[in-house]
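As a plain string of letters, each chain reads:
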Amino acid sequence: MRRLWEWLEPYWRTLRRPSVHYSLGFLVAAGFVAGILFWGGFNTALEATNTEKFCTSCHEMHDNVFQELKQTIHYSNRSGVRATCPDCHVPHQWTDKIARKMQASKEVWGKIFGTVNTREKFIDKRLELAMHEWARLKANDSLECRNCHDYQSMDLTRQSSRAAQIHKRWLHTREKTCIDCHKGIAHQLPDMAGVPQG
Amino acid sequence: MSNAFTRNRLLWFAGGLVLAVIVLVFVAGWLAGRTTARHDEERAARAATQAAHAPAAGSALGRTDMQQIDALRRGIPVDQEAAPMPLARVENADRRRERAYPMQPPTIPHAIDGYQVDKNSNRCMLCHARANAEKFQAPPVSVTHYMDRDDQFLAAISPRRYFCNQCHVVQTDARLLVGNHFQTIDEVMAAAEAGTATAEASGKVQ
């Protein structure tokens, strides 16, 4: 410990000493420019990890959940509007997004140590993984669904009478949120025995 | 120049010969191609006149009169590719339909696109299970679906009744591929009572 401090001390002293060569104005301006560069770079890097291309670049995602997504209406439909992985799995707001990204560091760990690197491992773990997502969406009132599907903008008269009735009864009263009924909307469901539905 | 010509006379001769052969082959090929093209034109014209004569035929979708059972090709010759029919729309009105005969499995009156029915999950049972039927105001699954084949009651739905789509199907607005004379028993009885022959004899086609 003492050795470490002896090694660090000169650097620490340099850092603590006031600048003698650079003017305050230069330091402020340089700090400002460096800040812009850092922030822009940070956000660019963050957004790069927030694309479908990035998500599906590992075969755990590409061979399992992405193949299932391809068959659903969230991937292909008559109007051509579609959701990509982060639209549903990463919150859009900054603080929530950063919190989720910090959580996702577990996924990096999983990738490195091959937690779900085969189809069998994935299927075994699927219920647990799905439960995490359901719990997350339930806790944030299906925020990611509502980014696109706003109840206020739903024209109930254009839904089938059954759908309109159920949405009015459960969604309007806020008794239930999207994920309560629409589990497995974009992926196949795991073994649902014992999981309360609806 | 003349020197070069005399020295390589054989080479010049051979070159000229090759050129002549090439021209000959080209002309022959061109003539052959023109005759086949004319044949094709004639055949197309013949097909067009035939199509014009055939009743209700000649649309891009092929024959639409459906007089023959040819659901796959719709009367289009095997050497021609047909434009596919537009997909039929699933009726989604949520109104229960009449059964055509007493033990008919009820048809599904709503769309079931993307419903997962497999070992893991049965989307139909989300609403149609006994426990959930009240909540979703859906008709609960019949008691027969909770019996094994020896008529013993089970707590959960019977495995042999698990795959709803085996018997219950959605209805689309697709045109009938083949006409039929089906009458429900009520229609038959009504006709018998009125003393008339069956509707089939009076030319009714459903």
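Note that residues are indexed from 1 along each chain, following the sequence as it is written. Labels follow written order: the first chain is A, the first ligand is 1, and so on. The model is predicted, so local features are restricted to residues of pLDDT at least 70 and side-chain atom pairs to those at 80 or more, both for listing and for counting; the totals for chains, interfaces and linings are taken over all residues. Each side-chain value is derived from all of the structure's non-hydrogen atoms; neither hydrogens nor water enter the calculation.

A.B. asks: I tried to follow the UniProt feature "transmembrane region" (unreviewed entry) in chain B on my own but got confused; where do I start?
C.D. replies: With numbering matched to this structure, UniProt assigns "transmembrane region" (unreviewed entry) to residues 12–33 of chain B. Taken end to end, residues 12–33 of chain B is 100% helix and 0% strand, and its two terminal C-alpha atoms sit 32 Å from one another. UniProt positions are given in the numbering used here, feature names are shortened, and annotations may be inferred rather than shown by experiment. We count a stretch as a helix when DSSP gives it H or I for four or more residues in a row; a strand needs E for two or more, and each element gets its number in order from the N terminus.

A.B. asks: Looking at this structure, how should I read the interface of chain B and chain A?
C.D. replies: In many reports, interface size means the accessible area that the parts give up when they come together. Any two residues whose heavy atoms approach within 4.5 Å are treated as being in contact. Listed by partner, the interface residues are 17 residues for chain B and 18 residues for chain A. Accessible-area loss on putting two parts together, using a 1.4 Å probe and summing over both, is the definition of buried area adopted here. Summed over both sides, the interface between chain B and chain A buries roughly 1,300 Å², with carbon and sulfur atoms accounting for 43% of that surface. Its largest share of buried area at the contact with chain A, chain B owes to Asn 120, Lys 135 and Phe 136 of chain B, together 35% of the area lost on that side. Salt-bridge detection follows one rule: a side-chain nitrogen of Lys or Arg within 4 Å of a carboxyl oxygen of Asp or Glu. Counting the contacts that link chain B with chain A gives one salt bridge. One salt bridge in this structure joins Asp 94 of chain B and Arg 162 of chain A, with 3.2 Å as the shortest N-O distance. Here a polar contact is recorded for every N or O atom pair within 3.5 Å, except that within protein the pair must consist of a potential hydrogen donor and a potential acceptor, and residues adjacent in sequence are included only if both atoms are side-chain atoms. Linking chain B to chain A there are eight residue pairs in polar contact (both at pLDDT 80 or more). For the side of chain B that touches chain A, the elements supplying multiple residues, two or more each, are α3 (123–128) and α4 (130–136) of chain B. Broken down by element, the residue count for the side of chain B that touches chain A peaks at three residues, all from α4 of chain B. Looking at the side of chain B that touches chain A residue by residue, the classes come out as five nonpolar, seven polar and five charged. Three residue categories are used. Nonpolar comprises Ala, Val, Leu, Ile, Met, Phe, Trp, Tyr, Cys and Pro, charged comprises Asp, Glu, Lys and Arg, and polar comprises the others, including Gly.

A.B. asks: Would you mind showing me how to read the packing of aromatic side chains here?
C.D. replies: Residue and element names in this part refer to chain A. Paired rings are identified among Phe, Tyr and Trp, the last through its six-membered ring, by centres lying within 6.5 Å, and are further divided according to the angle between planes into stacked (under 30 degrees), edge-to-face (over 60) and tilted (the rest). If you walk through the whole model with that rule in mind, you get eight aromatic pairs over all chains. For the ring pair Phe 66 and Tyr 75, a centre distance of 5.8 Å and an interplane angle of 75° mean the geometry is edge-to-face. Think of it in three bands: residues with accessible area under 20% of the maximum for their type are buried, residues over 50% are exposed, and the middle band is partly exposed, with areas taken using a 1.4 Å probe on protein chains only. For Tyr 75, a relative accessible area of 27% corresponds to the partly exposed category. Three or more aromatic residues joined by ring pairs form one cluster here, namely Phe 38, Trp 39, Phe 42 and Trp 94. For a Lys NZ or an Arg CZ to count as sitting over a ring, it must be within 6 Å of the ring centre and within 35 degrees of the ring normal. The side chain of Arg 169 reaches across the aromatic face of Trp 170, ending 4.1 Å from its centre. Positioned above the aromatic ring of Trp 134, the side-chain terminus of Lys 183 is 5.5 Å from the ring centre.

A.B. asks: For this particular structure, what's the right way to read the packing of helix α2 (residues 24–48) of chain A against helix α6 (residues 94–103) of chain A?
C.D. replies: For any two helices packed against each other, the geometry is given by the interaxial angle and the distance between the axes. Residues and elements named next belong to chain A. Close contact between α2 and α6 brings their axes to 12 Å; oriented N to C, the two are set at 65°. Of the two elements, α2 crosses α6, and the hand of that crossing is left-handed. Along its contact with α2, which presents Trp 39, Phe 42, Asn 43, Leu 46 and Glu 47, the element α6 presents Trp 94, Lys 97, Ile 98 and Lys 101. When the residues that make up the contact of α2 with α6 are grouped by side-chain class, the tally is five nonpolar, one polar and three charged. To obtain an axis, a line is fitted to C-alpha atoms, over the contacting stretch when the element is a helix, and the angle between two such axes runs from 0 to 180 degrees between their N-to-C directions. Crossing handedness follows the turn of the near helix against the far one: under a right angle anticlockwise gives a left-handed crossing, and clockwise gives a right-handed one.

A.B. asks: Would you mind showing me how to read helix α10 (residues 161–171) of chain A here?
C.D. replies: Think of an α-helix as turning once every 3.6 residues; residues three or four places apart then point the same way. Here α10 of chain A has its buried residues at Ala 164, Ile 166, His 167, Trp 170 and Leu 171 of chain A. Buried residues belonging to α10 of chain A abut α9 (143–146) and α11 (178–181) of chain A together with α4 of chain B.

A.B. asks: Looking at this structure, how should I read the UniProt feature "transmembrane region" (unreviewed entry) in chain A?
C.D. replies: Under the local residue numbering, the UniProt record ascribes the feature "transmembrane region" (unreviewed entry) to residues 20–42 of chain A. Secondary structure content for residues 20–42 of chain A is 83% helix and 0% strand, and the end C-alpha separation is 31 Å.

A.B. asks: Which parts of the structure should I look at to understand the packing of α6 of chain A against helix α7 (residues 105–113) of chain A?
C.D. replies: All names here are of chain A. Where α6 meets α7, the closest approach of the two axes is 4 Å, and the angle between their N-to-C directions is 25°. The angle between the axes of α6 and α7 places the two elements in the roughly parallel class. Between α6, through Arg 100, Lys 101, Met 102 and Gln 103, and α7, the contact on the second element is made entirely by Ser 105, Lys 106 and Glu 107. By definition in this entry, angles of less than 35 degrees are roughly parallel, angles greater than 145 are roughly antiparallel, angles of 65 to 115 are roughly perpendicular, and the rest are oblique.

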